[in-house]
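The residues making up each chain are set out below.
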Amino acid sequence: MPPLTPGWFPLLEIKDLTHAYADGHVAIKDVNLSVADGELVSIVGPSGCGKSTLLRCIAGLIRPTQGHVILDGKPTEGIPDNLAVVFQDYSRSLFPWLTVRDNVALPLKRRGMSRAERREAAMEALEAVGLAAAAGKFPWQLSGGMQQRVSIARALAYRPSLLLMDEPFGSVDAQTREDLEDLTLRVRGSDGMTILLVTHDIDESVYVGDRVVVLGSSPGHIKADLRIDLPAPREQISTRQLPEFVRLRAEVGRLVRGTEQPTAATA
Ligand SMILES: Nc1ncnc2c1ncn2[C@@H]1O[C@H](COP(=O)(O)OP(=O)(O)OP(=O)(O)O)[C@@H](O)[C@H]1O
């Protein structure tokens, strides 16, 4: 996608990325994507098209068969330091024997922060997600939505340049999901974090995204890259009623289902 504003700096560049699993299955092929510093890019596509594979390659959890991931101008090797990931399965991502505050503070050891600094940063992030009062509790004492907010707080406290979110709100109720979407938008706005968010929810992809990247299948590739020019700040009811929102969600929906018109605007 071409630079739209002066000073556009690609925080993340994905070049000709291909990943084949050990059984030979090519999950993604020749993926090229640039993401500007501070952008929130939603990634959608049919089940099995390679969304998680793409995120895992960027996170350094699996090694691409071909191609490069360039973060902050440097090709990545393994798991980059300035990156955090929020997964859908919050029940497995928090340590049950640590308090909420200690779960959030734990990764900060990698930042070389003192114990007092870690505790302060953890409390600040818990405050941001509205969970300061639960700091001394254990994850299993919290609801699913609260546990997912702890996972998000842990990512925020780390202050990564790039936050990867893989279906982060897939297991929570509709109201909590909306709250977490708005929390993500606030975080991005206040900390200028760059976010890649994989979702199955087309409305969500448009509501939170500055761009929506649609992947196609067999093997996974970028089928469309749409800029979402909806006014900010976004608001759950009024934004979703805008004619432009309705148009975009229909366009993304058609692209995901493969029923788009040949003239559909794609980048
Ligand atoms: N470890 C693996 N070994 C072999 N094939 C795999 C492995 N993991 C995933 N795949 C295959 O790679 C393809 C892409 O999987 P991936 O999980 O990235 O898709 P996805 O778009 O995230 O799917 P979903 O939306 O259902 O979560 C699928 O065909 C999947 O079956």
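Computed from a predicted model, the values in this text were never measured in an experiment.

Thoughts on the site of the ligand
Contacts to the ligand come from Tyr 21, Asp 23, His 25, Ala 27, Gly 45, Ser 47, Gly 48, Cys 49, Gly 50, Lys 51, Ser 52 and Thr 53. At 3 residues, the largest contribution of residues to the shell around the ligand is made by helix α1 (residues 51-59). Of the residues in the shell around the ligand, the class split is 3 nonpolar, 7 polar and 2 charged.

Focus: the nonpolar core
Counting residues in hydrophobic clusters, the biggest one holds 75 residues, and the most contacted among them are Ala 153, Leu 164 and Val 252. Those residues in contact with Leu 164, other than ones at most four positions away along the chain, are Leu 55, Ile 58, Ala 59, Leu 83, Val 85 and Leu 196.

Re the packing of helix α5 (residues 144-158) against helix α6 (residues 174-191)
For any two helices packed against each other, one specifies the inter-axial angle together with the distance between the axes. Where α5 contacts α6, the axes come no closer than 11 Å and their chain directions differ by 10°. One finds that α5 runs roughly parallel with respect to α6. For the pair formed by α5 and α6, the contact residues are Gly 145, Gln 148, Arg 149, Ile 152 and Leu 156 on the first element and Thr 176, Leu 180, Leu 183 and Val 187 on the second. Classifying every residue of the contact of α5 with α6 by side-chain character gives 5 nonpolar, 3 polar and 1 charged.

Here we look at the UniProt feature "domain: ABC transporter" (unreviewed entry) in the protein chain
If you check UniProt for "domain: ABC transporter" (unreviewed entry), the listed places come out as residues 12-242 in our numbering. What you have in residues 12-242 is 34% helix and 26% strand, and the ends, taken at the C-alpha atoms, are 31 Å apart.

Structural notes on α1
Among the 9 residues in α1, 7 count as buried, and that is most of the element. If you check which residues of α1 are buried, you get Lys 51, Thr 53, Leu 54, Leu 55, Cys 57, Ile 58 and Ala 59.

Looking at the sheet that holds strand β5 (residues 74-75)
Strands sit in the order β2-β1-β4-β5 across an open sheet of 4 strands; the sheet is antiparallel. The outermost strands of the open sheet, each flanked by one partner alone, are β2 (26-36) and β5. Taken together, the 2 bridges between strand β4 (residues 66-71) and β5 define a ladder with antiparallel strand orientation. Pairing of Ile 70 across the sheet is with Pro 75, part of β5.

Definitions and cut-offs
Residues numbered from 1 in each chain as written. Predicted model: local features only at pLDDT ≥ 70, side-chain atom pairs only at ≥ 80, totals over all residues. Near = placed C-beta within 6 Å. Helix = DSSP H or I, 4+ residues; strand = E, 2+ residues; numbered from the N terminus. Nonpolar A, V, L, I, M, F, W, Y, C, P; charged D, E, K, R; others polar. Core = buried A, V, L, I, M, F, W, Y, C linked by C-beta atoms within 7 Å. Buried ≥ 20, exposed ≤ 12 C-beta atoms within 10 Å, placed from the backbone. Contact = placed C-beta atoms within 7 Å. Axes fitted to C-alpha atoms, helices over the stretch in contact; angles between N-to-C directions. Parallel < 35°, antiparallel > 145°, perpendicular 65-115°, else oblique. UniProt positions renumbered as here; feature names shortened; annotations may be inferred. Pairing = 2+ DSSP bridges.

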